[in-house]
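Understanding the architecture of this molecule
Spelled out, the chains give:
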Amino acid sequence: MPETILVVEDEPSLQETLAYNLKKEGYTVEAVGDGMVALESARRLKPDLIVLDLMLPGIDGFEVCRILRKEMNTPVLMLTARDDEIDRVVGLEVGADDYLTKPFSMRELMARVKAQLRRARLIREELWKLSAETPQEKISFDNLVINQTRREVILNEGPLKLKPKEYELLLFLAEHRGQMLSRGFILERVWGWDYIGDSRTVDVHVRWLRQKIEADPGKPERIITVRGGGYRFEG
Ligand code: CA
């Protein structure tokens, strides 16, 4: 299957040139010229790579990249017109995987595109091998994978750092997907009979987990609070 590239560039002639050249190389290309539209396209398309111009109408490339980083691990190749923005582009602040300063040649762009796609492919294969080792020990929910053998949780193709009790709580919730679990029951099963504490411990850990696994911790879609009851894991 051809790899899919989302091109975000507001300058019509450059957008056209980029799309044309990438298609010629055999990629499936969708091109947009606006930051908000780019977010929608990325979520729908789940592209293999995003070529993202920095200066865009609406929300700029910085903001687009920052938002997407929380949702997916798709490599981002940033296009910038100014050298002095490069530190921000590749730094932790935004987290683009690579950048090109305008003007650039199509040959240069193509080399960067191929390098990023190759890297992403290697990571995918590596993760696939890991998960293939112990299929029965793996619980997956879309972009969230719990590997019990390794006590490892993968979110958006990257490992997630969890404290031991966060991991045990997540695993317990995941094993009872779709069931309403009371705080008392969770406390008893995850922390044990002899645990000295109260059900607020559960709430605190759920809050920490949500910050790590929910796209928007303020509007959780994975760990749902059941009014007057406890929690339900939706997957
Ligand atoms: Ca621009």
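The rules behind the values
- Residues numbered from 1 in each chain as written.
- Predicted model: local features only at pLDDT ≥ 70, side-chain atom pairs only at ≥ 80, totals over all residues.
- Heavy atoms only, no water.
- Helix = DSSP H or I, 4+ residues; strand = E, 2+ residues; numbered from the N terminus.
- Axes fitted to C-alpha atoms, helices over the stretch in contact; angles between N-to-C directions.
- Parallel < 35°, antiparallel > 145°, perpendicular 65-115°, else oblique.
- Left-handed = near helix turned anticlockwise from the far one by under 90°.
- Contact = heavy atoms within 4.5 Å.
- Nonpolar A, V, L, I, M, F, W, Y, C, P; charged D, E, K, R; others polar.
- Donors = N, O, S within 2.8 Å, 3.2 Å for Na, K, Ca; no water.
- Domains from an automatic or database assignment.
- Buried area = accessible area lost by both parts, 1.4 Å probe.
- Phe/Tyr/Trp six-rings, centres within 6.5 Å; stacked < 30°, edge-to-face > 60°.
- Buried < 20%, exposed > 50% of the residue type's maximum accessible area, 1.4 Å probe, protein only.
- Lys NZ or Arg CZ within 6 Å of the ring centre and 35° of its normal.
- Polar contact = N/O pair within 3.5 Å; in protein donor to acceptor, adjacent residues only side chain to side chain.
- Pairing = 2+ DSSP bridges.

**Thoughts on unusual backbone geometry**
Cis geometry marks the peptide bond from Lys102 to Pro103; its omega dihedral reads -5°. As for its position among the elements, Pro103 is in the loop between strand E5 (98-101) and helix H5 (106-133). The phi angle at Asp142 is positive, at roughly 55°, despite the residue not being glycine. Topologically, Asp142 is positioned in the loop between strand E6 (138-141) and strand E7 (144-147).

**Some thoughts on the packing of helix H6 (residues 164-175) against helix H7 (residues 183-191)**
Where H6 meets H7, the closest approach of the two axes is 10 Å, and the angle between their N-to-C directions is 120°. As summarised for this structure, H6 and H7 are arranged oblique, according to the angle between their axes. The element H6 and its partner H7 pack so that their crossing is right-handed. Together, Lys165, Glu168, Leu169, Phe172 and Leu173 of H6 and Phe185, Ile186, Arg189, Val190 and Trp191 of H7 make up the contact between the two elements. Residue composition of the contact of H6 with H7, grouped by class: seven nonpolar, no polar and three charged.

**Concerning the coordination of the calcium ion**
The calcium ion binds to the protein through Asp10 (OD), Asp53 (OD) and Met55 (O); the donor distances cover 2.1 to 2.3 Å. Sequence spacing of the donor residues for the calcium ion, all on one chain, is D-x42-D-x1-M. A residue pair is termed long-range when its members are at least 10 positions apart, and Asp10 in the loop between strand E1 (4-8) and helix H1 (12-24) and Met55 in the loop between strand E3 (49-53) and helix H3 (61-71) qualify at 45 residues.

**Some thoughts on the domain arrangement of the protein chain**
Looking at the assigned domains, one finds that the protein chain contains domain 1 (4-128) and domain 2 (133-233). Of note, the centres of domain 1 and domain 2, computed from C-alpha atoms alone, are 33 Å apart. In this assembly, seven residues from domain 1 lie in contact with five residues from domain 2. When domain 1 packs against domain 2, close to 510 Å² is buried across both sides, 50% of that on carbon and sulfur atoms.

**Things to note about the environment of Met180**
The topology assignment puts Met180 in strand E10 (residues 180-182). Distance from Met180 to Leu127, taken between C-alpha atoms, is 32 Å for residues 53 residues apart in sequence. Those residues in contact with Met180 that lie beyond four places of it in its chain are Val226, Gly229, Gly230, Tyr231 and Arg232.

**Points about the packing of aromatic side chains**
Under the defined criterion, the tally for this structure stands at two aromatic pairs. Between Phe141 and Phe233 the ring centres are 5.0 Å apart and the planes differ by 75°, which places this aromatic pair in the edge-to-face class. Here Phe141, found in strand E6, pairs with Phe233, found in strand E12 (residues 230-233); they are 92 residues apart in sequence, far enough to count as distant. Per residue, the accessibility class of Phe141 equals that of Phe233, and both read buried. Measuring from ring centre to ring centre gives 5.8 Å for Phe172 and Phe185, while their planes differ by 55°; the resulting arrangement is tilted. One end of the pair, Phe172, is in helix H6; the other, Phe185, is in helix H7, and 13 residues separate them in sequence. Here Lys163 stacks its cationic end above the ring of Trp208, 3.8 Å away from the centre of that ring.

**Quick look at the side chain of Asp53**
Looking at the element boundaries, Asp53 is found in strand E3. Here Asp53 falls in the buried class, since its relative accessible area comes to 3%. A polar atom in the side chain of Asp53 sits 2.9 Å from the side chain of Lys102. Ignoring sequence-local partners within four residues, the contact set of Asp53 consists of Val8, Glu9, Asp10, Gly61, Leu79 and Lys102.

**Considering the pairing of E1**
Within E1, five of the five residues are buried, leaving the element largely enclosed by the surrounding structure. Here E1 shows a buried face lined by Thr4, Leu6 and Val8 and a second buried face lined by Ile5 and Val7. Sheet analysis places E1 next to strand E2 (residues 28-32), joined by five bridges and oriented parallel. Looking at the pairing, Leu6 lines up with Glu30 of E2. Relative to E3, E1 runs parallel, the two being bridged by four bridges. The residue of E3 that forms the bridge with Val8 is Leu52.

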